[in-house]
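Tertiary structure, described
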Protein chains: 4
Amino acid sequence: MSANWRDGAAAVATLTFDVDAETPVLAHGREYARHASTMSHQAYGPEVGLPRILDLLGELGVPATFFVPGWVAEQRPGLAASIVERGHEVAHHSYSHRPPTSMTAKEERADFERALEVFARQGIEIAGHRAALWEASWQTAGLVAEHGLLYDSSLMGDDRPYRLVTGSRDIVELPVHWSLDDWEQYAYLPAPHVGSVIESPGKVLELWRAELDGMRHYGCLFNLCVHPFLSGRPGRALALRRFVEYALECGDVRFARCREVAELAAADPDLTTRRPSPPVVDPEVYPA
Amino acid sequence: MSANWRDGAAAVATLTFDVDAETPVLAHGREYARHASTMSHQAYGPEVGLPRILDLLGELGVPATFFVPGWVAEQRPGLAASIVERGHEVAHHSYSHRPPTSMTAKEERADFERALEVFARQGIEIAGHRAALWEASWQTAGLVAEHGLLYDSSLMGDDRPYRLVTGSRDIVELPVHWSLDDWEQYAYLPAPHVGSVIESPGKVLELWRAELDGMRHYGCLFNLCVHPFLSGRPGRALALRRFVEYALECGDVRFARCREVAELAAADPDLTTRRPSPPVVDPEVYPA
Amino acid sequence: MSANWRDGAAAVATLTFDVDAETPVLAHGREYARHASTMSHQAYGPEVGLPRILDLLGELGVPATFFVPGWVAEQRPGLAASIVERGHEVAHHSYSHRPPTSMTAKEERADFERALEVFARQGIEIAGHRAALWEASWQTAGLVAEHGLLYDSSLMGDDRPYRLVTGSRDIVELPVHWSLDDWEQYAYLPAPHVGSVIESPGKVLELWRAELDGMRHYGCLFNLCVHPFLSGRPGRALALRRFVEYALECGDVRFARCREVAELAAADPDLTTRRPSPPVVDPEVYPA
Amino acid sequence: MSANWRDGAAAVATLTFDVDAETPVLAHGREYARHASTMSHQAYGPEVGLPRILDLLGELGVPATFFVPGWVAEQRPGLAASIVERGHEVAHHSYSHRPPTSMTAKEERADFERALEVFARQGIEIAGHRAALWEASWQTAGLVAEHGLLYDSSLMGDDRPYRLVTGSRDIVELPVHWSLDDWEQYAYLPAPHVGSVIESPGKVLELWRAELDGMRHYGCLFNLCVHPFLSGRPGRALALRRFVEYALECGDVRFARCREVAELAAADPDLTTRRPSPPVVDPEVYPA
């Protein structure tokens, strides 16, 4: 098992923030734009949660990566730059937050490129991509490679970075997982209907610490995904702080931007290589 | 960051009780009036939970705000007055508890005004409004302003009061959030189907304390929303009591009626001003 | 507040067991009879859970009440008698476990009377009734009164027994509540789809203790509803045992069969009287 | 109560791993093969989770049983053999993971036999079977008997092994239960929609320990079902390790492969015998 990409640490932690704002709700249905309360619930992310998180990261002195849909960067022109100014990375998170699996290949390409154009116009350098809803198609990694990005962060085939062979160049995959996403723990909306019970920050902290401990044991990438409209709220922000403090106290966890992890991984000759391909499905075995 | 509205406290706590009785179930479907058990489940709120909560608040010596649908005030004529007599505030919570987002503009206006007429007939002074289901339309704040109310409490764009610019007068928004609502923690009904697992009062107490601690850290409005048919039950009422006792022991939390918070906020020249508007959505980006 | 029915105790605990076996699943859809695993999941109740619970109650020396659908008593002829022989009460829990709200008035009457005929043929004396799924219609209490039963246990309008005025005789209502039902905590089936996460016995024990403490504080009826196919499983049976031991240690909780509580309540001149009736719903207010 | 099958232990623990890979998702719908992220989420099971679990079992020195769909064994030719080489048992888990209740009798037979052919071609001896989704039909046990297998592990009619009378030979049933399945605790997918909140490993450990303690008290079979794509993740693998360590510390729990438990049970003359049959359902009682 390669460990070069960890650079001596027991585990590497990438704190990632999906600055989705209104997009996941609009991707559920355009009519939700009519729901003023729901729109305000989403606007809390960039307007209140994001500045709070930037301050928190500054106080803790840890770098992070912010995945921003192009639509959000466009609607709030200073947003992406304000993140970069604080020393963090901004990465590609689709244009509209519509999942690639719900689009034609042509639509996915158009959405992917439209976001790149927004970031280019704003002078934001982009090195990586994360598919909306973590719902990549089999075309997605190829788009990432074709446009010269270094890494993708949408697949779940491992808990360590791996080399992803696409039709053209290889890229690095920084895998994600639902257990390290604050959405399943905290999200609730009546329309569109999202979530069930809402968990306490204490439970989420316990979950993240357990997973970090496991990842320190096994030498993994702790790729945490947090949404400012969820974890930017006061009690949850304190839980996030406590988690980072715990990880710092461990003494063997390295915090890094995704781009840096991808660079180390790309340079690691022993990195696992994966060539995922769609399973060949016999319609007689799976008729529906 | 303005702190005048906090009047020296680390956080301000508004205990709010949505006295919905049968209305949220009838808003799901008129046919549920045929369900005797479900109707009794809802009637528990005004008949058992509400008096218990009024006694509890009296013992603890803290003021509160009760959001009452006009239909409920009309069906139970002495209810609103009995709350005011105990020194608490009664506020507008729609007439029917049908969410504004499910109505035409004309229907919403009629529902809004019908509730005001009920309270006027009963001699109850109304200073604020909360949309049914926290599902305000973009028209809602304008109705609140037009009818001379001081505040709304249906949006989620912040965790501190803010000045809301409407077409006419400005009002104060006292924002809410799902994490401070007992519905997601406790509500369960088989028909209409509501809820999943039912949480323990201990978990809910932990959640509220964590959020209060976060809000004391960040200087926020702890705007708790409790339903008498849910939190009026014995074990949950004790958890509510323990929560208030904890907040009182903190020594830096001020309990107030919504109206008083709105008055302080309205007079605060440094209060954040927000002009939310519906996002302009391109049907090519969000086709459905 | 009347306390005669409590006979000096701080709270009264009625342990009730709904011996539903296959009926709630068949009421979801007759086709589930084809699902062998699901049927075995339900059969566990009468075949493994019930004897274990009867032994447990015997060891603890506490009496209980078993609500049995007529169909179950008919399919397993010795079942009801075996419960009575152990000193417990058997009560009426519909014939088919189809909820009254899903039937016509005529169908509900036929189902209600068919169960009474089964128990009469088996020589089981019946004093009380509980509607399937706690989904009583407005006719249900009248059927209970008309057939000379003493009590119903399907409504949720209070947390203490109350006198229920029906068209004919008054009966006693021993109210239930979803928070004291093991179904929402433990039940899971893929088809019909039931439940989400499965809670630990420790969480359920915490929930029940919190509610019992609240009910001791407020002088209530702790009317616990347990299903042998759920709580008869080993870890959950131990949690039930620990709960009963806790209640016994409290020293101020009285365990009783439902029939005895109903008799004390019926004789209590200060008992609250309720005359619930269906809300009059204006189709202009609730159009759907 | 027979105890021979326990061979002196208070409880017997069978650690079973359902190596489903992509099959449960494809059984939901063939179109999910297009979802690259979802496919990677499932591929994690055989590619990362399984080797980690095999190492963990080796370190702990406990034997286990792996239920493998024929499709998975076929797609990954060395997988089944690699499990047997480590000293564990491989058992039959359908070919396609389509539940028997969703197939015709002819389709179920074809699916059942196709899996047996795969294992025969790979030289894997099969002694037992588990139905996909624990959704056996009334035909399933007969297929197990007809093909000379020793045991089935799909029903829930007890918490100890029992003799299952089929049309032909008797077999042994090693019953399962949803409370000992990691799926309800950990599984989450947006498409197909699976799960709600994700539980912490600490909660799951608490649940398993409570059930093991109950089973040691009552003398049962602790038949744990774990999925490598779920419990193979780092924090959860550590929880699984802690659970096994706890069980070993108990000193009265015997770990065994399913085949060995079935052999002891088959030889136990006092074993409970069950002849389950589909309930006879009157369409007048259950019309739908």
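Cut-offs and rules
- Residues numbered from 1 in each chain as written.
- Chains lettered and ligands numbered in written order.
- Predicted model: local features only at pLDDT ≥ 70, side-chain atom pairs only at ≥ 80, totals over all residues.
- Heavy atoms only, no water.
- Helix = DSSP H or I, 4+ residues; strand = E, 2+ residues; numbered from the N terminus.
- Buried < 20%, exposed > 50% of the residue type's maximum accessible area, 1.4 Å probe, protein only.
- Contact = heavy atoms within 4.5 Å.
- Areas by Shrake-Rupley, 256 points an atom, 1.4 Å probe, with all protein chains shown as cover.
- Lys, Arg positive; Asp, Glu negative; His and termini not counted.
- Charge placed at Lys NZ, Arg CZ, Asp CG, Glu CD.
- Axes fitted to C-alpha atoms, helices over the stretch in contact; angles between N-to-C directions.
- Parallel < 35°, antiparallel > 145°, perpendicular 65-115°, else oblique.
- Left-handed = near helix turned anticlockwise from the far one by under 90°.
- Least-squares fit on C-alpha atoms with pLDDT ≥ 70 in both.
- Buried area = accessible area lost by both parts, 1.4 Å probe.
- Salt bridge = Lys/Arg side-chain N within 4 Å of Asp/Glu carboxyl O.
- Nonpolar A, V, L, I, M, F, W, Y, C, P; charged D, E, K, R; others polar.
- Polar contact = N/O pair within 3.5 Å; in protein donor to acceptor, adjacent residues only side chain to side chain.
- Arc of directions from axis to C-beta.

The name given to chain A in an unreviewed UniProt entry is Polysaccharide deacetylase, and the organism recorded there is Microbispora siamensis.

Turning our eyes to something else, we now look at the overall build of chain A. Looking only at helices and strands, chain A has eleven helices and ten strands in total. Principal-axis analysis of the C-alpha atoms gives chain A an extent of 50 × 50 × 45 Å. Buried positions account for 67% of the 288 residues belonging to chain A. In chain A, once contacts between residues fewer than 6 apart in sequence are set aside, the share between residues at least 24 apart is 72%. Accessible area for chain A stands at about 9100 Å²; split by element, carbon and sulfur atoms hold 50% of it. Of note, chain A has its 27 positive side-chain charges centred 3 Å away from the centre of its 40 negative side-chain charges.

With that out of the way, let us pick up the arrangement of the chains. Separated without contact, chain A and chain C have their nearest C-alpha atoms at a distance of 10 Å. No interface is formed between chain B and chain D, the nearest pair of C-alpha atoms being 10 Å apart.

Next up on the list: the packing of helix 2 (residues 36-60) of chain D against helix 10 (residues 234-250) of chain D. Residue and element names in this part refer to chain D. Between helix 2 and helix 10, whose axes approach to 11 Å, the crossing angle comes to 25 degrees. As summarised for this structure, helix 2 and helix 10 are arranged roughly parallel, according to the angle between their axes. Between helix 2 and helix 10 lies a crossing of right-handed hand. Judged by residue contacts, Tyr44, Arg52, Leu56, Glu59 and Leu60 of helix 2 engage Pro234, Ala237, Leu240, Arg241, Val244, Glu245 and Leu248 from helix 10.

Of note, the amide linkage connecting Ala191 of chain B to Pro192 of chain B takes the cis form, showing an omega dihedral of 0 degrees. Relative to the assigned elements, Pro192 of chain B resides in the loop between helix 7 (183-186) and helix 8 (201-218).

One can find Pro77 of chain A in the loop between helix 3 (70-75) and helix 4 (79-85). Note: C-alpha distance between Pro77 of chain A and Phe243 of chain A (166 residues apart in sequence) is 31 Å.

Our focus in this paragraph is the relation of the copies chain A and chain B. After a rotation of 90 degrees and a shift along the axis of 0.0 Å, chain A superposes on chain B with an RMSD of 0.0 Å. A rotation of that kind, with that shift, is consistent with a four-fold axis. When each C-alpha of chain A is compared by its distance to the rotation axis, Ser196 of chain A comes out closest, at 4.8 Å. Comparing interface residues between copies, only 9% of those in chain A also sit at the interface in chain B, which points to a heterologous contact through distinct surfaces.

Time to look at the interface of chain A and chain B. Taken together, the contact pairs 43 residues of chain A with 47 residues of chain B. For the pair chain A and chain B, the two sides together bury roughly 3800 Å², of which 57% comes from carbon and sulfur. Per-residue buried area on chain A facing chain B is highest for Arg30, Ser37 and Arg233 of chain A; these three make up 17% of the total on that side. The salt bridge involving Glu211 of chain B is made with Arg233 of chain A; its shortest N-O contact spans 4.0 Å. Secondary structure elements with two or more residues in the side of chain A that touches chain B: helix 1 (23-28), helix 2 (36-60), helix 3, helix 8 (201-218) and helix 10 (234-250) of chain A. Ranked by the residues each element gives to the side of chain A that touches chain B, the list is headed by helix 2 of chain A, at eleven residues. Per-class residue counts for the side of chain A that touches chain B are 20 nonpolar, 13 polar and ten charged.

Our focus in this paragraph is the interface of chain A and chain D. In this assembly, 47 residues from chain A lie in contact with 44 residues from chain D. At the boundary of chain A with chain D, total buried surface from both sides reaches about 3800 Å², with 57% on carbon and sulfur atoms. The three residues of chain A that bury the most area against chain D are Trp178, Tyr218 and Tyr286 of chain A, which together make up 18% of that side's buried surface. There are four salt bridges connecting chain A and chain D. A salt bridge links Lys203 of chain A to Glu199 of chain D, with the shortest nitrogen-to-oxygen separation between them at 3.5 Å. There are 22 residue pairs in polar contact (both at pLDDT 80 or more) connecting chain A and chain D. Every element with two or more residues in the side of chain A that touches chain D is listed here: helix 7 (183-186) and helix 8 of chain A.

Among the residues making up helix 11 (residues 258-266) of chain B, those that are buried are Cys258, Val261, Ala262 and Ala265 of chain B. Seen along its axis, helix 11 of chain B keeps its buried residues to an arc of 100 degrees; they face one direction.

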